[in-house]
Amino acid sequence: MIDLRSDTVTRPTAGMRDAMATADVGDDVYGEDPTVNALEAEVAALFGHEAALFAPSGSMANQIALQLVVPPGEELLCDADAHVVTYEIGAAAAYGGISSRTWPAVGADIDPDVVAAMIRPDGYFAVPTRAIAVEQTHNRGGGGVIPLATLRELRRIADDARLALHCDGARIWHAHIADGVPLAEYGRLFDTLSVCLSKGLGAPVGSLVVGSAEKIERARLIRKRMGGGMRQAGVLAAAGRYALAHHVGRLAEDHAKAARLAEAVAPFGVLATAARTNLVPLDLTKSALDAHALAAAARAEGVLISVLGPRTARLVTHMDVDDAGIDRAVDVLTQILRA
């Protein structure tokens, strides 16, 4: 099967498995796992921050970060399609007591003036805004990359209003490769970031919260409270360190493969937006096929795609699909769409 559902379906490479098998480990709850400690220090340095914390999942990393910057009963601003309010099962409210308010879903095309107009200051018997969250790259926005100028303006807005700025950077590596923005430049703009090792980089599990030393010390308590304390986690951290060393630069290959898929389906009027990174969003509102019918027909021919809604689907390229797999996917999808 050619699996284009997600870049989380990858399997560890032989080199990654060797790194995991030989990892030096200790008890991370006691802070004694040398491989976890090395991973945390490495990621913090990449983004120009003081510290980082290894967590089992991107959702947990996001929710830890949000609890660091928004007290219970106060407000987070984000977009209506943001992962933190769409795919994290209400965790911000359930675990953090966080109230959230959203601007209309526009993917990476954020209008900072719209965000600024939504901010509620203290007083006035309203829930005060404490943080703004953005997603880089934007999942439901088709892998769109928020421009650096937009992020800088949001940083200015946050500073003026004394708010925190959080980045759900699950695929920030893809933005870094697509636009050439240094990771440290992204890091300077945000109070907290979450970055993922299992989306695109090929690690089997793991994300990190990035921030100041004081915030990460608090984050350890929140992680423990949420059940995220791990013991000999160096086996997993070793996979992450291998991914950072070997799999970031090659993301350009995934972007090129996504562009090939996008070019192939574009003539059929189903390409939702241009493919900037490794996600190819499909809008089937003008097609005779709905998303489930397209997915079923593709599966019958050995190609798996992701269904995001009745008329919305997605193709995702990654390191486990080679050029021959893309060729086959193009043949299958164009035949189905042409029928």
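As shown above, the structure is provided for reference.
Please read all numbers here as calculations on a predicted model, not as lab measurements. (Residues numbered from 1 in each chain as written. Predicted model: local features only at pLDDT ≥ 70, side-chain atom pairs only at ≥ 80, totals over all residues. Heavy atoms only, no water.)

### Section: the overall build of the protein
This is how it is decided: Under the DSSP-based scheme used, a helix requires at least four consecutive residues in state H or I and a strand at least two consecutive residues in state E, with every element numbered from the N terminus. Radius of gyration here is computed from C-alpha atoms only, and the compact-globule reference equals 2.2 Å multiplied by the residue count raised to the power 0.38. A simple rule labels every residue: compare its accessible area, found with a 1.4 Å probe on the protein chains alone, to the largest value its type can have, and call it buried under 20%, exposed over 50%, or partly exposed in between. Contact criterion: two residues are considered in contact whenever any of their non-hydrogen atoms come within 4.5 Å of each other. Surface exposure here means Shrake-Rupley accessible area, sampled with a 1.4 Å probe, where a residue is shielded only by the protein chains that are shown. None of His or the chain ends enter the tally, which takes Lys and Arg as positive and Asp and Glu as negative. Think of each charge as sitting on NZ of Lys, CZ of Arg, CG of Asp or CD of Glu.
Along its length, the protein carries 14 helices and 12 strands. Computed over C-alpha atoms, the radius of gyration of the protein comes to 20 Å, within 12% of the 20 Å expected from 2.2 N^0.38 for 339 residues, which places it in the range of a compact globule. Principal-axis analysis of the C-alpha atoms places the extent of the protein at approximately 60 × 55 × 35 Å. By the burial criterion, 55% of the 339 residues in the protein qualify as buried. Within the protein, contacts between residues at least 6 apart in sequence are counted, and of these 74% link residues at least 24 apart. Accessible area of the protein: about 13,900 Å², with a carbon and sulfur share of 52%. Charged side chains in the protein number 32 positive and 41 negative. The centres of these two groups are separated by 3 Å.

### Section: the packing of aromatic side chains
This is how it is decided: Note on aromatic contacts: the rings of Phe and Tyr and the six-membered ring of Trp form a pair at centre separations within 6.5 Å, being stacked when their planes are under 30 degrees apart, edge-to-face when over 60 apart, and tilted otherwise.
By the definition in use, this model includes 1 aromatic pair. Ring centres of F47 and W173 lie 5.7 Å apart, and the angle between their planes is 65°; on these two criteria the pair is classed as edge-to-face. Of the two residues, F47 sits in the loop between α2 (34-46) and β2 (51-55) while W173 sits in helix α8 (residues 172-179), which places them 126 residues apart along the sequence. In this pair, the class of F47 matches that of W173, namely buried.

### With respect to the sheet that holds strand β12 (residues 312-316)
Rule in force here: Note on pairing: two strands pair once DSSP finds at least 2 bridges between them. Axis definition: a line fit to C-alpha positions, over the contact stretch in the case of helices; interaxial angles, taken between N-to-C directions, run 0 to 180 degrees.
The 3 strands are arranged β9-β12-β11 in an open sheet whose pairing can be described as antiparallel. For this open sheet the edge positions go to β9 (279-283) and β11 (306-309), each flanked by a neighbour on one side alone. Along the sheet, successive strands turn relative to each other by an average axial angle of 30°, direction set aside. Where β11 lies against β12, 3 bridges are found, and the strand directions are antiparallel. The residue bridging V307 from the neighbouring strand is A313, located in β12. Contacts from helix α13 (residues 291-300) reach β9, β11 and β12, with the element oriented near 175° to β11.

### Description of the side chain of K215
To be explicit about the condition: We define a salt bridge as a contact between a side-chain nitrogen of Lys or Arg and a carboxyl oxygen of Asp or Glu at a distance within 4 Å.
Among the secondary structure elements, K215 is positioned in helix α10 (residues 213-225). Within the buried core, K215 has no salt-bridge partner, and the shortest N-O distance to an opposite charge, that of E214, equals 4.7 Å. Not counting residues within four places of it along the chain, the set of residues in contact with K215 comprises L68, V69, D191 and T192.

### Remarks on the layout of surface pockets
Here is the rule we go by: Detection works on a 1 Å grid of protein atoms alone, calling trapped sets that fit a 1.4 Å probe cavities and calling open sets with protein on both sides within 12 Å along at least five of seven lines pockets, with lining residues defined by an atom within 4 Å of a point. Grid points are joined across faces, edges and corners, and a volume is the space filled by probe spheres set on the points. Polar here means any residue outside two lists: the nonpolar Ala, Val, Leu, Ile, Met, Phe, Trp, Tyr, Cys and Pro, and the charged Asp, Glu, Lys and Arg; Gly therefore counts as polar.
By volume, the largest pocket is sized at about 410 Å³. What lines the largest pocket is a set of 25 residues, among which G107, R140, G141, G142 and T273 lie closest to the centre. Listing elements by their share of the lining of the largest pocket, those giving two or more residues are β9 and β12. Split by residue class, the lining of the largest pocket holds 11 nonpolar, 7 polar and 7 charged.

### Points about the environment of Q335
Positionally, Q335 belongs in helix α14 (residues 323-338). Residue classification places Q335 among the exposed residues on the basis of a relative accessible area of 51%. Separated by 278 residues in the primary sequence, Q335 and S57 have C-alpha atoms spaced 37 Å apart.

### Comments concerning the environment of A291
Along the chain, the position of A291 falls in helix α13. Separated by 21 residues in sequence, A291 and T312 place their C-alpha atoms 5.7 Å apart. Apart from the residues lying within four places of it in its own chain, the contact partners of A291 are L284, V307, G309, P310, R311, T312 and A313.

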